[in-house]
Amino acid sequence: MEKLELPVCPRTIVFAHNGIGDVFMCMPALQAIASKPWRFSPILVLVKSALIRDYLNKSPLAGRIVAMVLDRRRLWALCLRLRRQRAKYLVFLHSSGGWKSSAAAWLIGADFSVGSARRGRAFGFDHVENVTERRHKVEHYWRIAVAAAGSSSKVEPFGRSRGLLDTVRLKTTEGNAVRRVVFAPGSGELERHKRWAAERYCDLGQRLLRDHAEIEIVVLGSSEERALIDIITKP
């Protein structure tokens, strides 16, 4: 079997191994950790796919974090490899207190570990955030990051300081500045219950276009979500 190689010798290990939508929502949390490089760097972020790895390694956080694909078939071998690195901090952004995340936290043996659980209790973590409380995922991930950073952290989540939509400034052929807003209304067929109603996206889009002439809206989705996208983009 091929030897496990790490891209960095991490002081902080972050598990962010859900889909790309959850990774987008945990960006404020990653920023909170990366904002203190003197305390947390080098930061190794373990992710689900090469697509997410490449996105993070080319994001504005590149240089402060290094992403690596987590092969679940070799989870325990990786935990033993990380144990030898004697990491200072371990942060599970995507966990629900299951036995695998708890066992991984115990096996890695960092000086301080943070995770989440459905009833506020999980084996193997020094600090646990309760996932049953009603709060947006962005804030939940951010709370986990602040717990890792310590109660003195002054970092604010995007939801409070800049709004949940992170816009990208572009230049049109005429040279005018444009703000691009991206809607991703689908959540896969297995999680249709999580979707925001298409009519609300329509209403939000109309308000944005009415109040901000420089905005361009892009709607993303898979081929299975074509009908949903057509409803939102209908003139």
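Before reading further, recall that the structure is shown in the block above.
Residues numbered from 1 in each chain as written. Predicted model: local features only at pLDDT ≥ 70, side-chain atom pairs only at ≥ 80, totals over all residues. Heavy atoms only, no water.

(A) Seen up close, the pairing of strand S2 (residues 43-47). With 5 of 5 residues buried, S2 is to be regarded as a mostly interior element. The side-chain alternation of S2 yields two buried faces, one formed by Ile-43, Val-45 and Val-47 and the other by Leu-44 and Leu-46. Direction of pairing for strand S1 (residues 12-15) relative to S2: parallel, over a ladder of 4 bridges. The partner of Val-14 across the bridge, within S2, is Val-45. (Buried < 20%, exposed > 50% of the residue type's maximum accessible area, 1.4 Å probe, protein only. Helix = DSSP H or I, 4+ residues; strand = E, 2+ residues; numbered from the N terminus. Pairing = 2+ DSSP bridges.)

(B) Here's a closer look at helix H6 (residues 99-108). Inspection of H6 places Ser-101, Ser-102, Ala-104, Ala-105, Leu-107 and Ile-108 among the buried residues, and these make up the whole buried set. Looking one or two residues beyond H6, the residue adopting positive phi is Gly-109, at roughly 65°.

(C) Focus on the environment of Ile-144. Considering the arrangement of structural elements, one finds Ile-144 in helix H7 (residues 137-149). Looking at Ile-144, the relative accessible area reads 0%, which means it is buried. Expressed as a C-alpha distance, the spacing of Ile-144 and Leu-93, which sit 51 residues apart in the sequence, is 6.8 Å. Ignoring any residue separated from it by four or fewer positions in sequence, one finds Ile-144 in contact with Val-91, Phe-92, Leu-93, Val-114, Gly-115, Ser-116 and Glu-129. (Contact = heavy atoms within 4.5 Å.)

(D) The packing of aromatic side chains, seen in detail. Scanning the entire structure with this criterion turns up 6 aromatic pairs. Taking the centre distance of 5.4 Å and the plane angle of 80° together, the rings of Phe-92 and Phe-125 count as edge-to-face. Placement of the pair is Phe-92 in strand S4 (residues 89-92) and Phe-125 in the loop between strand S5 (112-117) and strand S6 (127-130), with a sequence separation of 33 residues. In terms of burial, Phe-92 and Phe-125 fall into one category: buried. (Phe/Tyr/Trp six-rings, centres within 6.5 Å; stacked < 30°, edge-to-face > 60°.)

(E) Region of interest: unusual backbone geometry. Ser-41 connects to Pro-42 through a cis peptide bond whose omega is -5°. Along the chain, the position of Pro-42 falls in the loop between helix H3 (37-40) and S2. Phi angles above zero are rare outside glycine, and Arg-86 is one such case at about 55°. Among the structural elements, Arg-86 can be located in the loop between helix H5 (75-83) and S4.

So, to be careful, I would describe these as geometric facts and stop short of saying anything about function.
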